[in-house]
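The lines below spell out each chain.
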Amino acid sequence: HNVYGERQNIGDKYRNVIGIFMNQIMQNKPLIVFGDGKQTRAFTYINPRRKEIFSSAFAQRIVDIENKKSDIMLHGNLESIRSFIDIRDLVDAYWRAINMCEYGIPYNIGSPKPVKIKDFLELLKKNSTCDIKTKMDIRLIRPVDITNQVPCIDNFVQRTEWNPKIKLEESIKFLLDFYREKTIE
């Protein structure tokens, strides 16, 4: 995510901290650093409480269709490839990073298994209680997207002996059940 160099996009608000900082400097704005600036960042993870990420938004839309609040699910680009891990695996990885990793060394945390977003959506649909119709909406396509986001986690695994334990199918059920229960409340 944080590749930099000439001709990089400094207007991408979704990633690329160097581009974001460059944009803030060029607009004479203060640099905004969240936390103490020493945080780690994971690749795509599944966390129902983060409703702004697409995996949660997709699950919420599926549940809305199940509850007849909507009849079709609109989406953007489904060809991008991501690395999905469950938030519960991520918490374990962060604990190991804090307790087992050398300070100042970068480590990637994520699943080594690539998944197309359309395959993720198909798994959600497969676990739905009704037929889900989908349609591409060009307004939902990001103007700039990194289409292949799969980390090499070898250094982290070697240092911590960590690997994701929760299967994607279980995470998807967890995600859908969260939004189904939230609808009942």
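Each remark here, short or long, concerns the structure printed above.
None of these values were measured; they are calculated from a predicted model. (Residues numbered from 1 in each chain as written. Predicted model: local features only at pLDDT ≥ 70, side-chain atom pairs only at ≥ 80, totals over all residues. Heavy atoms only, no water.)

Enquirer: Could you give me a rundown of the nonpolar core, with the residues and numbers involved?
Expert: Counting 22 residues, the largest nonpolar core has Phe58, Phe120, Leu124 and Leu168 as its most contacted members. Those elements giving two or more residues to this core turn out to be α2 (54-66), α4 (117-126) and α6 (168-184). Sorting elements by how many residues they give to this core places α6 first, with six residues. Ignoring anything within four residues of it in the chain, the contact list for Phe120 reads Ile46, Phe54, Ser55, Phe58, Phe84, Val115, Leu168, Ile172 and Leu175. If you look at the next biggest cluster of nonpolar residues, it comprises 12 residues, including Tyr45, Ile109, Ile153 and Trp162. (Core = buried A, V, L, I, M, F, W, Y, C linked by side-chain atoms within 4.5 Å. Buried < 20%, exposed > 50% of the residue type's maximum accessible area, 1.4 Å probe, protein only. Helix = DSSP H or I, 4+ residues; strand = E, 2+ residues; numbered from the N terminus. Contact = heavy atoms within 4.5 Å.)

Enquirer: Outline the pattern of salt bridges, listing residues and values.
Expert: Summed over all chains, the structure comprises 11 salt bridges. With its nearest N and O atoms 3.2 Å apart, the salt bridge here joins Arg96 to Asp92. Of this pair, Arg96 and Asp92 are both found in helix α3 (residues 87-100), four residues apart, which corresponds to roughly one turn of the helix. Residue Arg96 is classed as buried on the basis of its relative accessible area of 17%. (Salt bridge = Lys/Arg side-chain N within 4 Å of Asp/Glu carboxyl O.)

Enquirer: A description of the sheet that holds strand β7 (residues 148-149) should follow, citing residues and the corresponding values.
Expert: Sheet strands line up and pair through hydrogen bonds in the backbone, either parallel or antiparallel. If you walk across this open sheet you meet the three strands as β5-β3-β7, and the pairing is mixed. Strand pairing shows two members of the sheet lacking a second neighbour, β5 (114-116) and β7, which therefore form its edges. Where strand β3 (residues 81-83) lies against β7, two bridges are found, and the strand directions are parallel. The residue of β7 that forms the bridge with Ile81 is Asn148. Taken strand by strand, α4 contacts β3 and β5, and its axis lies near 75° from that of β5. (Pairing = 2+ DSSP bridges. Axes fitted to C-alpha atoms, helices over the stretch in contact; angles between N-to-C directions.)

Enquirer: Can you explain the packing of aromatic side chains? Please cite residues and give values.
Expert: For the structure shown, the criterion picks out seven aromatic pairs. Ring centres of Phe84 and Phe120 lie 4.5 Å apart, and the angle between their planes is 10°; on these two criteria the pair is classed as stacked. One end of the pair, Phe84, is in the loop between β3 and β4 (85-86); the other, Phe120, is in helix α4, and 36 residues separate them in sequence. Among the residues examined, Phe84 registers a relative accessible area of 7% and is labelled buried. With centroids separated by 5.6 Å and ring planes inclined at 65°, the aromatic side chains of Phe156 and Trp162 adopt a geometry described as edge-to-face. Both residues of the pair, Phe156 and Trp162, belong to the buried class. (Phe/Tyr/Trp six-rings, centres within 6.5 Å; stacked < 30°, edge-to-face > 60°.)

Enquirer: Report on the side chain of Ser56, specifying residues and quantitative values.
Expert: Counting through the fold element by element, Ser56 comes out in helix α2. You can call Ser56 buried: its relative accessible area is 0%. Aside from chain neighbours lying at most four places away, what touches Ser56 is Asn47, Pro48, Arg50, Lys51, Leu175 and Tyr179.

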